[in-house]
Amino acid sequence: VRLRPDLMLRLQNGRFDDPQRLFHSVADAWAGVLSSTTDVKELVPEFYSGDGSFLRNAKRLNLGVRASGERVDDVRLPPWAASPADFVRKHRAALESDHVSQHLHRWIDLVFGSKQRGQAAVDADNVFVHLTYEGAVDVDAIEDAYERRATELQVSEFGQTPRQLFLRAHP
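Within every chain, residues take consecutive numbers counted from 1 along the sequence as written. Confidence filtering applies because this is a predicted model: local features only for residues at pLDDT of at least 70, side-chain atom pairs given and counted only at 80 or more, and all residues used for totals across whole chains, interfaces and linings. Side-chain descriptors were evaluated using all non-hydrogen atoms of the structure, hydrogens and water having been removed beforehand.

A few points about the side chain of Ser25
Helix and strand definitions follow DSSP, with helices as H or I runs of at least four residues and strands as E runs of at least two, each counted in order from the N terminus. Among the secondary structure elements, Ser25 is positioned in the loop between helix H1 (5–11) and helix H2 (26–35). Only protein chains enter the area calculation, which uses a 1.4 Å probe; residues under 20% of their type maximum are buried, those over 50% are exposed, and those in between are partly exposed. Exposure remark for Ser25: the relative accessible area of 2% places this residue in the buried category. At 3.4 Å, the side chain of Ser25 forms a polar contact with the backbone nitrogen of Ala27. Contact definition: two residues touch when any of their heavy atoms are within 4.5 Å. Beyond its immediate sequence surroundings of up to four residues, Ser25 is in contact with Val75 and Arg76. Here a polar contact is taken to be a pair of N or O atoms separated by no more than 3.5 Å, where protein atoms must pair a possible hydrogen donor with a possible acceptor and residues adjacent in sequence count only if both atoms sit in side chains.

Topic: unusual backbone geometry
In most cases, non-glycine residues show a negative phi, while peptide bonds are predominantly trans. The backbone phi angle of Arg60 is positive, close to 55°, even though this residue is not glycine. When you line up the elements, Arg60 lands in the loop between H2 and helix H3 (84–95). Here the phi dihedral of Asp125 falls at roughly 55°; this positive angle occurs in a residue that is not glycine. Relative to the helices and strands, Asp125 resides in the loop between helix H6 (118–123) and helix H7 (145–158). A residue is classified by how much of its surface remains accessible, and Asp125, at 59% relative accessible area, is exposed.

Notes on the side chain of Asn126
Looking at the element boundaries, Asn126 is found in the loop between H6 and H7. Within polar-contact distance, the side chain of Asn126 engages the backbone oxygen of Lys115 at 2.9 Å. With residues near it in sequence (within four places) discarded, Asn126 still touches Leu110, Lys115, Gln116, Ala121 and Tyr133.

Observations concerning the confidence of the model for the protein chain
Scored by pLDDT, the protein chain comes out at a mean of 86, with 91% of its residues at no less than 70. Mean pLDDT values for the elements of the protein chain range from 55 in H1 up to 96 in H3. Confidence scores per residue from the predictor, reported as pLDDT, run from 0 to 100.

Re the packing of aromatic side chains
Centres within 6.5 Å make a pair out of two Phe, Tyr or Trp rings, where for Trp the six-membered ring is used; the pair is then stacked when the planes are under 30 degrees apart, edge-to-face when over 60, and tilted otherwise. Going through the model one piece at a time under the given rule, you end up with 5 aromatic pairs. Ring geometry for Phe23 against Phe47: centres 6.1 Å apart, planes inclined by 35°, an arrangement best described as tilted. Linking Phe23 in the loop between H1 and H2 with Phe47 in the loop between H2 and H3, this pair joins segments that are 24 residues apart in sequence. Among the residues examined, Phe23 registers a relative accessible area of 25% and is labelled partly exposed. A centroid spacing of 5.8 Å and a plane angle of 85° characterise the contact between Trp107 and Phe112, whose relative ring orientation is edge-to-face. Taking relative accessible area as the criterion, Phe112 reaches 24% and is therefore assigned partly exposed.

Quick look at the structure:
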């Protein structure tokens, strides 16, 4: 939202989202993802490349005030990041580490494989809103025009879980 506010405004009918939901703190986003099944975040490529400018409110947009009284502005970084550029550099180093390479098969299982659906997904804390799963809803069978349009918008604007490609654990 900080770099391309026009895209966010298009999604939110001409308004920025509620300040309580805007990305304002790495620590708070992490805590939310770990504590709520409805708080889903995507680590976009900007987390791993570039100068971290997506974390700054360089345009001085009025993004609102949270219930705590805190103004939403630059994203608050963790103490181990000296700057947005340092944050991105360290994220990329972690992504390219031997540890991540040695455990990539676990990510494949979560996103495309055996832990994407069913009890294995529940056990891995990897469950999403039912509308995000391919084939979960037959949109053409929804007779109510309002409900059909709402379902289409949900999928269009908030995405789908990738197609499950593997039914057994990835080697």
